[in-house]
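Structural characterization, general
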Amino acid sequence: MSALNTAVGKVTLETPGMVASGIMDETGESMVRMLQAGAGAVVSKSIGMEPKAGHANPCFTEVAGGLVNAMGLPGPGIELFKEEMEIATPKGKIVGSIAGGNVSEFITLATKMEEYGACAVELNLSCPHAKGHGMELGTDPALVKEIVSQVKGSVKVPVWVKLTPNTHILPQIALAAQDGGADAVVAINTLKAMVISPEFAKPFLSNKFGGLSGAAVKPVGVRAIYDLYKVVSIPLVGVGGICNWRDAAEYIMAGASAFQVGSAVLTDGPEVFSRINTDLQKFMEEYGYDSIASMRGVANE
Ligand code: DHB
C-alpha cells in the first residue's frame, strides 16, 4: 500500500487528488487523459437534463490569483453523456457531477450516472450564478436535506454534496446534507464574483456575475474544511485553489480525506497531479506521516 492511498467513505483512491468538476472533464477522452496524468479520480463537468450551449462570450477571465467564470453549465445533457462515460469509466474512477433544478431532476440525473458506471455522484448545490440551480438550492438546509435523502433513496452509489462558501450557514447546510444521508461533503465551490470593464463601463462577463476560483480562494476553502471537520462525521473532500503539495497538505490537515484540483489544471497543466503526488509523498516521509489518514485533521484541535 502506498502512503498516498486514501478513501472517501466507500470510494477508495490510489492517490488523493481528483480533478474538480468543470476542468478537462466534459469528454470521455479528456477524463481518461486526467486519469493517466495521476488523478485518483475525475469528477465530471456538472451535467443537466438537456443539452445546453452555455453563456455567450466572454464567460471567463483571469484576475489576480485566480479566474472568474460563468460558463452557464454548458454540456450535452445526461442522455448524450452516456457516450463519454462509456469511454472513461473502464479506465478509472469517475464521479458524476450533476446539476438539477429540482428534486426529481436530481433523482433522474443520479440514476443515469449510476447506470453509466459512476463510482459516486456529486450533487452541484453550489454553482454561484445559475438561476434555479446550484447555490439557489444549496443554501436552504431543508431543501438540501430533501434533495440528498431523495437521491440517496434512488441510487446505491455514494452521494457527495458540493457546497458553496457563499453563505454564513455552511455548517448547518453540511449537517443537513449529513442528515439527508450524504456520504461526503465537498467544499468549496467558487465564490460569487464580478469583474467590471472600465472602458465599456459594464460588467466584463456576459452573465455579469461569475465564480472566483484559483489560488485566491484557498484560505477560504481551508477554513471551510476546518470548520466542517468539527461539525460533521462524514468524510470531507477539500477543493479550492490547490496548486501544489503544501496546499493539499493544508486541506488534509484541516480535515479532508481527499482533495480536488481545478484551476491549476488549466494554469499548470495535467502534470500538476504527478507533481503534487511526488512532493506530498516526500513531505510525508520526511515528517513521519505513513498515510493520508494519519495526516487528516492534525491541525484541527
Ligand atoms: C459553472 C460555474 C461554476 O463556478 C460552477 O460551480 C458550476 C458551473 C458554469 O457556469 O458552468
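Description of the structure in this document. The structure displayed is predicted, hence computed values, not measured ones.

So, about the site of the ligand. Not every one of the 13 residues close to the ligand is listed here, only the nearest: Lys45, Met71, Gly72, Leu73 and Asn189. Taking Leu73, its main chain carries an N or O atom lying 2.6 Å from an oxygen atom of the ligand. Asn189 places a side-chain nitrogen or oxygen 2.5 Å from an oxygen atom of the ligand. Taken by itself the ligand offers 290 Å² of open surface, and the protein chains cover 93% of this. In terms of residue class, the shell around the ligand is built from six nonpolar, six polar and one charged.

Here helix α1 (residues 28–36) crosses helix α2 (residues 78–88) at 30°, and the two axes come no closer than 8 Å. Classified by the interaxial angle, the pair formed by α1 and α2 is roughly parallel. Here α1 and α2 pass one another in a crossing that is right-handed. Here Gly28, Glu29, Met31, Val32 and Leu35 of α1 lie close against α2, whose contacting residues are Phe81, Glu84, Met85, Ile87 and Ala88. Each residue belonging to the contact of α1 with α2 can be placed in one class, and the counts come to seven nonpolar, one polar and two charged.

On to unusual backbone geometry, then. Note the cis peptide between Asn57 and Pro58, where omega equals -5°. Relative to the helices and strands, Pro58 is located in the loop between β4 (41–43) and β5 (60–63). Between Ala187 and the following residue, Ile188, the backbone shows a cis peptide bond with an omega angle of 15°. Considering the arrangement of structural elements, one finds Ile188 in the loop between β10 (184–187) and β11 (191–194). Positive phi values are uncommon outside glycine, yet Leu73 reaches one of about 50°.

Scoring rules and cut-offs
Residues numbered from 1 in each chain as written. Predicted model: local features only at pLDDT ≥ 70, side-chain atom pairs only at ≥ 80, totals over all residues. Heavy atoms only, no water. Near = heavy atom within 4 Å. Polar contact = N/O pair within 3.5 Å; in protein donor to acceptor, adjacent residues only side chain to side chain. Areas by Shrake-Rupley, 256 points an atom, 1.4 Å probe, with all protein chains shown as cover. Nonpolar A, V, L, I, M, F, W, Y, C, P; charged D, E, K, R; others polar. Axes fitted to C-alpha atoms, helices over the stretch in contact; angles between N-to-C directions. Helix = DSSP H or I, 4+ residues; strand = E, 2+ residues; numbered from the N terminus. Parallel < 35°, antiparallel > 145°, perpendicular 65-115°, else oblique. Left-handed = near helix turned anticlockwise from the far one by under 90°. Contact = heavy atoms within 4.5 Å.

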